[in-house]
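# What the coordinates show
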Amino acid sequence: MTKATPRNAGGVLAITGGGSGVGEGLARYAASIGMAVAIADIDLVAAESVASDIRAEGGNALAVQVDVRDLSQLEGFADRVYTELGPVSLLINNAGVEQFGLLWDTPEDNWQRLIDINITGVFNGIKAFVPRMSASHEKTAIWNLSSMGGVSAAARQAPYIMSKHAVLALTECLKLDVETAGLDITVAAVLPGAVASNIFANAGGVKDGDVAAGEAERAAMLRVREQAMSPIEAARRVFEQAANGDFYLLTQPQLIGAAMNGRAEQLRTRSAPQLFSGEFHVPAE
Ligand SMILES: NC(=O)c1ccc[n+]([C@@H]2O[C@H](COP(=O)([O-])OP(=O)(O)OC[C@H]3O[C@@H](n4cnc5c(N)ncnc54)[C@H](O)[C@@H]3O)[C@@H](O)[C@H]2O)c1
């Protein structure tokens, strides 16, 4: 299955969706601390641009065109990473897409695409990499990208929010499966709050029905983007919390911590979700 290559002294990161936004920040930060970086992205031009920057700064980086919806493409990516960079020490299942609009107006294709990328894409990453990570007998880690949305409810983003709850649950269960199997893999969930990226500009919308509701949500989220943290600072915080052994890795601990407390309180008191009608503000922290 995999050919042994010399172990990279700083470790090897394999990341999906590393051509933009959060994933780009994680890839660049990993390279800055001496990791070799393998970037899988459906957008090869974007992935190659990040990889060539890393190489220009003296790092070791590989860009591969991968659609995370296709397990065979992730298997091929894993083979290339193990062959060309060596055993993976950190897998980050990051690729994800957004969708705006009322749930019943969501085009079926957009619904399926979001599930295939945001949920099945994470499953495919785990299917492709865990057997190789386990066979390498190295200490390894897997981080999956959930979101502050993984502990919240929001109108006009139901498919996305649902997918981030799913990734959080998948990641919590993965941690337990890894322990059950006795594997030396540290599992963590990344919950970004607001990080500058292209996710809202590239999000799906609505063709029929209440088009304005979806576009109003897109406009609101693009205003949030203006207050968002830089991807490199977000990555620095995530790596720091992982080094402390945290399971929940938060880009904005106060903001997301408040959402986690709100979720816990909602469940404790068995309260129904409340509509948020104000303007979302990202506090500096
Ligand atoms: N930006 C934020 O504030 C924020 C907040 C919470 C969670 N997240 C999560 O962070 C992750 C990254 O999002 P982002 O905001 O950086 O978005 P982004 O759109 O800037 O980057 C996403 C990357 O994924 C790639 N991608 C999309 N579909 C793909 C596919 N099928 N196969 C492979 N690659 C694919 C894109 O080409 C792009 O490079 C997502 O999982 C998202 O849900 C982001």
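Let me sum up the structure you'll find in this document. (Residues numbered from 1 in each chain as written. Predicted model: local features only at pLDDT ≥ 70, side-chain atom pairs only at ≥ 80, totals over all residues. Heavy atoms only, no water.)

### Re helix 4 (residues 108-136)
Over its 29 residues, helix 4 runs 41 Å from end to end, which matches the ideal 42 Å to within 8%, given 1.5 Å per residue. At threonine 120, helix 4 shows its maximal kink, close to 40 degrees. The positive-phi residue at the C-terminal boundary of helix 4 is histidine 137, with phi of around 55 degrees. (Helix = DSSP H or I, 4+ residues; strand = E, 2+ residues; numbered from the N terminus. Expected span 1.5 Å × (residues − 1). Bend = angle between axes of the 7 residues up to and from the residue.)

### A look at the site of the ligand
In the region of the ligand, 28 residues are neighbours, and Ser20, Asp41, Tyr160, Val195 and Ser197 sit closest. Here aspartate 41 contributes a side-chain N or O atom positioned 2.6 Å from an oxygen atom of the ligand. Lysine 164 places a polar side-chain atom, nitrogen or oxygen, 2.9 Å from an oxygen atom of the ligand. Out of a free accessible area of 830 Å², the ligand has 94% covered by protein chains. Looking at the shell around the ligand, the elements that each hand over two or more residues are helix 1 (21-32) and helix 5 (158-181). (Near = heavy atom within 4 Å. Polar contact = N/O pair within 3.5 Å; in protein donor to acceptor, adjacent residues only side chain to side chain. Areas by Shrake-Rupley, 256 points an atom, 1.4 Å probe, with all protein chains shown as cover.)

### A few points about the pairing of strand 6 (residues 185-191)
Counting buried residues in strand 6 gives six out of seven residues, a clear majority hidden from the surface. Of the strand pairs in this sheet, strand 5 (residues 140-145) and strand 6 are connected by six bridges, and their pairing is parallel. Each residue of the ladder has a partner; that of alanine 141, found in strand 6, is threonine 186. This β-α-β element, strand 5 to helix 5 to strand 6, shows right-handed connectivity. For strand 6 and strand 7 (residues 248-250), the ladder comprises three bridges, and the chain directions are parallel. Counterpart to leucine 191 in the pairing with strand 7 is leucine 250. (Buried < 20%, exposed > 50% of the residue type's maximum accessible area, 1.4 Å probe, protein only. Pairing = 2+ DSSP bridges. Right-handed = clockwise from strand over helix to strand, strands pointing away.)

### A few points about empty space enclosed by the protein
Throughout the structure, instances matching the rule amount to one cavity of 30 Å³ or more. Around the largest cavity, the lining residues are Val22, Leu26, Val190, Pro231, Ala234, Ala235, Val238 and Thr251. If you list the elements that add at least two residues to the lining of the largest cavity, you get helix 1 and helix 7 (231-243). The leading source of residues in the lining of the largest cavity is helix 7, at four residues. (1 Å grid on protein atoms, 1.4 Å probe; cavity = no way out; pocket = protein on both sides within 12 Å on 5 of 7 lines; lining within 4 Å. Points joined across faces, edges and corners; volume = space filled by probe spheres on them.)

### Looking at the pattern of salt bridges
Per the stated rule, a full pass over the model turns up 16 salt bridges. Between arginine 132 and aspartate 79 there is a salt bridge, and its shortest N-O distance comes to 2.9 Å. Pair noted here: arginine 132 is in helix 4 and aspartate 79 is in helix 3 (residues 71-84), with a separation of 53 residues, a long-range link. Among the residues examined, aspartate 79 registers a relative accessible area of 30% and is labelled partly exposed. With a closest N to O distance of 2.6 Å, arginine 223 and glutamate 279 form a salt bridge. Residue arginine 223 is located in helix 6 (residues 211-226), and its partner glutamate 279 is located in the segment after helix 8 (253-268); the two are separated by 56 residues in the primary sequence. The class for glutamate 279 is exposed, based on a relative accessible area of 51%. A single network of salt bridges, built from pairs that share partners, joins Glu233, Arg236, Arg237 and Glu240. (Salt bridge = Lys/Arg side-chain N within 4 Å of Asp/Glu carboxyl O.)

### Overview of the packing of aromatic side chains
Tallied over the full model, the rule gives seven aromatic pairs. Here phenylalanine 100 and phenylalanine 200 contribute two aromatic rings whose centre-to-centre distance is 6.1 Å and whose plane-to-plane angle is 40 degrees, an arrangement assigned as tilted. Of this pair, phenylalanine 100 sits in the loop between strand 4 (90-93) and helix 4 while phenylalanine 200 is found in the loop between strand 6 and helix 6, placing the two residues 100 residues apart along the sequence. Considered together, phenylalanine 100 and phenylalanine 200 belong to a single accessibility category, that of buried residues. Ring centres of phenylalanine 276 and phenylalanine 280 lie 6.4 Å apart, and the angle between their planes is 80 degrees; this geometry places the pair in the edge-to-face category. Here phenylalanine 276 falls in the exposed class, since its relative accessible area comes to 56%. (Phe/Tyr/Trp six-rings, centres within 6.5 Å; stacked < 30°, edge-to-face > 60°.)

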